[in-house]
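Reading the structure
Chain by chain, the residues run as shown.
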Amino acid sequence: MSKKTIWFEVREDETIEDCLKRMQAAGYMATGRKEEPLFEEVDGEPVPVRQIVKFKGVKIEE
């Protein structure tokens, strides 16, 4: 039995549209989105590297 809710992270090598298509192919529909920054420490200071984008996917009932 598969989970009803899964978080899908947009990979570095794909677009948001690619991630949404991957979700749909897996049988999930996006119902939420969250973003969080990814930091790297340079000379003792946090430096932003990129944004991590995640979509909350809910299983599509058939």
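Please refer to the structure higher up on the page.
First, a word on what this report is: a plain description of the structure on this page. (Residues numbered from 1 in each chain as written. Predicted model: local features only at pLDDT ≥ 70, side-chain atom pairs only at ≥ 80, totals over all residues. Heavy atoms only, no water.)

**Re the pattern of salt bridges**
Scanning all chains against the criterion turns up six salt bridges. A salt bridge links Lys4 to Glu61; the nearest nitrogen and oxygen atoms lie 3.2 Å apart. With Lys4 in the segment before strand S1 (5-9) and Glu61 in the segment after strand S3 (45-59), the pair connects residues that are 57 residues apart, well separated along the chain. Given a relative accessible area of 59%, Glu61 falls into the exposed group. As a salt-bridge pair, Glu9 and Arg50 come within 4.0 Å of each other at their nearest N and O atoms. Taken together, the residues Glu9 in strand S1 and Arg50 in strand S3 connect sequence positions 41 residues apart. We classify Glu9 as partly exposed; its relative accessible area is 35%. (Salt bridge = Lys/Arg side-chain N within 4 Å of Asp/Glu carboxyl O. Helix = DSSP H or I, 4+ residues; strand = E, 2+ residues; numbered from the N terminus. Buried < 20%, exposed > 50% of the residue type's maximum accessible area, 1.4 Å probe, protein only.)

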